[in-house]
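Observations on chain architecture
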Amino acid sequence: MLKKIIFPVLAMLMLAGCATSTNTLDVSPKIVLPSQDPTLQGITISINGADQRKDQALAKVNRDGQLISLTPSRDLRFLLQESLEKQMTARGYMVGADGAVDLQIVVNNLYADVQEGNLRYNITTKADISIIATAKNGNKQVKNYRSTYNVQGALSATNAKITNAVNTTLGDVISDMASDTSISDFIKANAR
């Protein structure tokens, strides 16, 4: 009787493990937009992105005795650049090629540390993003945004669970960027 139950369950678990065939994580964090700043008067800024990570993998997991690198579905520097552009446009800035202040959003670190045991997994995701604001008058400001997220659960860490952890962490950083006014204050003080 016990064999009739255990063997089919084990077979289903092994087949479920084989179903994960892609090494790409669909990175699409929630983008939070700040409210408009009515004091802005036609200030143009330029925005670009950079990825300073030494390894382009978001996570490395052991699957069937092989170390698999999981990479993002989109280039992270463009994803974060797009997020910052949307936030700055929502505040009331104009984004152009030759702005009064140049913003660079830098991915210093984004990685999901995946630990798997016999029946449990642990995913700890860390993000470290910087915004470097450089005004035409030579003044410069660097603002760092960091976030850590941890999730644990039963069985194995699937791509969907790792993707969710990465998106949650990036979403937290983007939310922090939306609520922080220090870069906007720097732009207003140095754009003239």
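The structure under discussion appears in the preceding block.
Everything quoted here is computed from the prediction, not taken from an experiment.

Focus: unusual backbone geometry
Backbone geometry places Asp 64, a non-glycine residue, at a positive phi of 55 degrees. Residue Asp 64 is classed as exposed on the basis of its relative accessible area, which comes to 78%. Of note, Leu 155 is a non-glycine position whose phi angle comes to about 65 degrees, a positive value. Mapped onto the fold, Leu 155 is located in the loop between β8 (140-154) and α3 (159-179).

Observations regarding the packing of helix α2 (residues 76-91) against α3
Between α2 and α3, the least distance of the axes is 10 Å, while the angle of their chain directions is 30 degrees. Classified by the angle between their axes, α2 and α3 sit roughly parallel to one another. Where α2 crosses over α3, the handedness of that crossing is right-handed. For the pair formed by α2 and α3, the contact residues are Leu 76, Leu 79, Leu 80, Ser 83, Leu 84, Gln 87 and Arg 91 on the first element and Leu 170, Ile 174, Met 177 and Ala 178 on the second. The class makeup of the residues in the contact of α2 with α3 is eight nonpolar, two polar and one charged.

Points about the side chain of Asn 167
Tracing the backbone through its elements, the reader meets Asn 167 in helix α3. Residue classification places Asn 167 among the buried residues on the basis of a relative accessible area of 15%. Reaching out from Asn 167, the side chain makes a polar contact with the backbone nitrogen of Ser 28 at a distance of 2.8 Å. Contacts of Asn 167, omitting those with residues within four sequence positions, involve Asp 26, Val 27, Ser 28 and Pro 29.

Topic: the pattern of salt bridges
Enumeration over the complete set of coordinates arrives at ten salt bridges. One salt bridge in this structure joins Glu 82 and Lys 86, with 3.4 Å as the shortest N-O distance. On the criterion of helical spacing, the pair formed by Glu 82 and Lys 86 is a turn pair, its members being four residues apart in helix α2. The salt bridge partner of Lys 143 is Asp 180, with a shortest N-O separation of 3.7 Å. Of this pair, Lys 143 sits in strand β8 while Asp 180 sits in the loop between α3 and α4 (182-190), and the two are 37 residues apart along the sequence. What makes Lys 143 partly exposed here is its relative accessible area of 27%. A single network of salt bridges, built from pairs that share partners, joins Arg 74, Glu 82 and Lys 86.

Quick notes on the side chain of Ser 130
Among the structural elements, Ser 130 can be located in strand β7 (residues 120-135). For Ser 130, a relative accessible area of 6% gives the class buried. Within polar-contact distance, the side chain of Ser 130 engages the side chain of Asn 144 at 2.4 Å. Once residues within four sequence positions are removed from consideration, Ser 130 is found in contact with Gln 104, Ile 105, Val 106, Asn 108, Lys 143 and Asn 144.

Some details on α2
With 16 residues, α2 extends 23 Å between its outermost C-alpha atoms, agreeing within 8% with the 22 Å of an ideal straight helix rising 1.5 Å per residue. Of all the positions in α2, only Leu 76, Leu 79, Leu 80, Gln 81, Ser 83, Leu 84, Gln 87, Met 88 and Arg 91 are classed as buried. One or two positions beyond α2, positive phi appears at Gly 92, with a value near 120 degrees.

Conventions used here
- Per chain, the residues get numbers from 1 upward, laid out in the order the sequence is written.
- Local features in this predicted model are restricted to residues whose pLDDT is 70 or higher, and side-chain atom pairs enter the listing and the counts only when it is 80 or higher, whereas totals over whole chains, interfaces and linings include all residues.
- Derived side-chain values reflect all non-hydrogen atoms in the structure, with water molecules and hydrogen atoms excluded from consideration.
- Per-residue accessibility, obtained with a 1.4 Å probe over protein chains only, is compared with the maximum for each type, and a residue is labelled buried under 20%, exposed over 50%, and partly exposed between these values.
- Each helix corresponds to a stretch of at least 4 residues labelled H or I by DSSP, and each strand to a stretch of at least 2 residues labelled E; elements are numbered beginning at the N terminus.
- Here an axis means a line fitted to C-alpha atoms, over the contact stretch when the element is a helix, while the angle between two N-to-C directions is reported on a 0 to 180 degree scale.
- Every angle not falling under 35 degrees, over 145, or within 65 to 115 is termed oblique; those three ranges are roughly parallel, roughly antiparallel and roughly perpendicular.
- Each crossing gets its handedness from the near helix: less than a right angle anticlockwise from the far helix is left-handed, clockwise is right-handed.
- Note on contacts: a residue pair qualifies if any of its non-hydrogen atoms lie within 4.5 Å across the two residues.
- Each residue gets one of three labels, nonpolar for Ala, Val, Leu, Ile, Met, Phe, Trp, Tyr, Cys and Pro, charged for Asp, Glu, Lys and Arg, and polar for the others, Gly among them.
- Polar contact is defined as a pair of N or O atoms within 3.5 Å, subject to the rule that within protein one atom must be able to donate a hydrogen and the other to accept it, and that residues adjacent in sequence are counted only when both atoms are side-chain atoms.
- Salt bridge, as applied in this entry: a Lys or Arg side-chain nitrogen positioned within 4 Å of an Asp or Glu carboxyl oxygen.
- Here, expected helix span is obtained from the residue count minus one, scaled by 1.5 Å.

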